[in-house]
Amino acid sequence: MIHIEGLDIRYFRSVHRASIRDLRDITVFSGRNDVGKSNLLKALNLFFNNRTDWNTAFDFTRDFSKVRLNEVRKETIRGKQYIQITINFQRGKRYEKSLPAKFSVTRTWTRDAAIPQTRSNLTQLFNRHLVPAKKLDRAEAALQRFLNTIRYEYVPAIKDHAFFGYMLSRLQDVIFEKGANDSDIANAVSNLNKSVVTGVDQLKQEFFASTTVPVDIRLPQELGELFRAFAVSTTHGGEEMPLGVRGDGIRCRFLPSLLHYISESSNLFHIWGFEEPENSLEHGLATKLAHRMRDKYSKAAQILITSHSPAFFT
């Protein structure tokens, strides 16, 4: 499922300038270490989520190309420090009456601005009579709605316990989209909290009497935190076994399945930026995953991968 046909990146981390075209349902970036493959996926995360990693905020000083910084210093030209990412989108069957079949959106970050500047080529296309909408402002409004329907999910090469918890919390969005009522869940949590508070009242009183320090024990107030506490259990040898104590390969293999479930169940359109999905997988399991991504998962999401494994690029 193609949402992005191409992208151009300027001055982001190790990427001085890069233009990539002909992105497919599933695209694999492979090559030597430290050539910037991961930064292609991080650049997309910056474009869609304004973060460079799944849990790392954008920092211009850190993320601006050092090569470009040296060029600017040598040229003694002011105002040339920026990071720019342009994405060429394919509209698909959405907004057929408002947006052209193909268009581009550019976001630019500067040292002095916390929010990127966003612009598109809709004006040029409108002047060439390539925009279905009769008014430009209608097309621009449709563009914002279009962008809001896309969910980019960046998966790092190291898939630790914290990231696994984050991905479990993403189930919250899907469950709500499928019809669960936010207020109903919040009320259930509130009622359960009342039971917890009552049940530990003696413990709180004893601790306060001993230390004069008041203490409270309750469930997380944020529903996302509650979903991070989901327990994923598997069966091994007829016995129940938490996924967290299984081998790294089994835990890492669960993530693509979870992402696929989210992509299929959500009303949004999903793009994965997946670093090294073969990590912790033996070759046979990696090959099966590659085939699964090609034959099934890429039908529900556009998948961009970095990989060193022949399972994915042969």
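You'll find the structure just up there.
So, here's what we can say about the structure. For clarity, every value in this text was computed on a predicted model and none was experimentally measured. (Residues numbered from 1 in each chain as written. Predicted model: local features only at pLDDT ≥ 70, side-chain atom pairs only at ≥ 80, totals over all residues. Heavy atoms only, no water.)

Together, Lys97, Lys134, Arg138 and Arg145 make up a region of like positive charge exposed at the surface. Within the secondary structure, Lys97 is located in the loop between β6 (82-90) and β7 (102-110). (Patch = residues over 30% accessible without salt bridge, like charges linked within 9 Å, V, L, I, M, F, W, Y side chains within 5 Å. Areas by Shrake-Rupley, 256 points an atom, 1.4 Å probe, with all protein chains shown as cover. Salt bridge = Lys/Arg side-chain N within 4 Å of Asp/Glu carboxyl O. Lys, Arg positive; Asp, Glu negative; His and termini not counted. Charge placed at Lys NZ, Arg CZ, Asp CG, Glu CD. Helix = DSSP H or I, 4+ residues; strand = E, 2+ residues; numbered from the N terminus.)

Attention now goes to the sheet that holds β7. In spatial order, the strands read β2-β1-β6-β7-β8; together these five strands make up an open sheet with antiparallel pairing. Where the open sheet ends on each side, the last strands, each with one partner, are β2 (15-20) and β8 (117-120). Across the sheet, the mean angle separating the axes of adjacent strands is 10° when strand polarity is ignored. In this structure, strand β1 (residues 4-12) lies alongside β2, joined through five bridges in antiparallel fashion. In the sheet register, Phe12 faces β2, and the bridge partner there is Val15. (Pairing = 2+ DSSP bridges. Axes fitted to C-alpha atoms, helices over the stretch in contact; angles between N-to-C directions.)

Taken as a whole and judged by the stated rule, the model has eight salt bridges. The salt bridge partner of Glu5 is Lys102, with a shortest N-O separation of 3.4 Å. Of this pair, Glu5 sits in strand β1 while Lys102 is found in strand β7, placing the two residues 97 residues apart along the sequence. Here Glu5 falls in the partly exposed class, since its relative accessible area comes to 22%. Through salt bridges with shared partners, a single network forms among Arg13, Arg62 and Asp63. (Buried < 20%, exposed > 50% of the residue type's maximum accessible area, 1.4 Å probe, protein only.)

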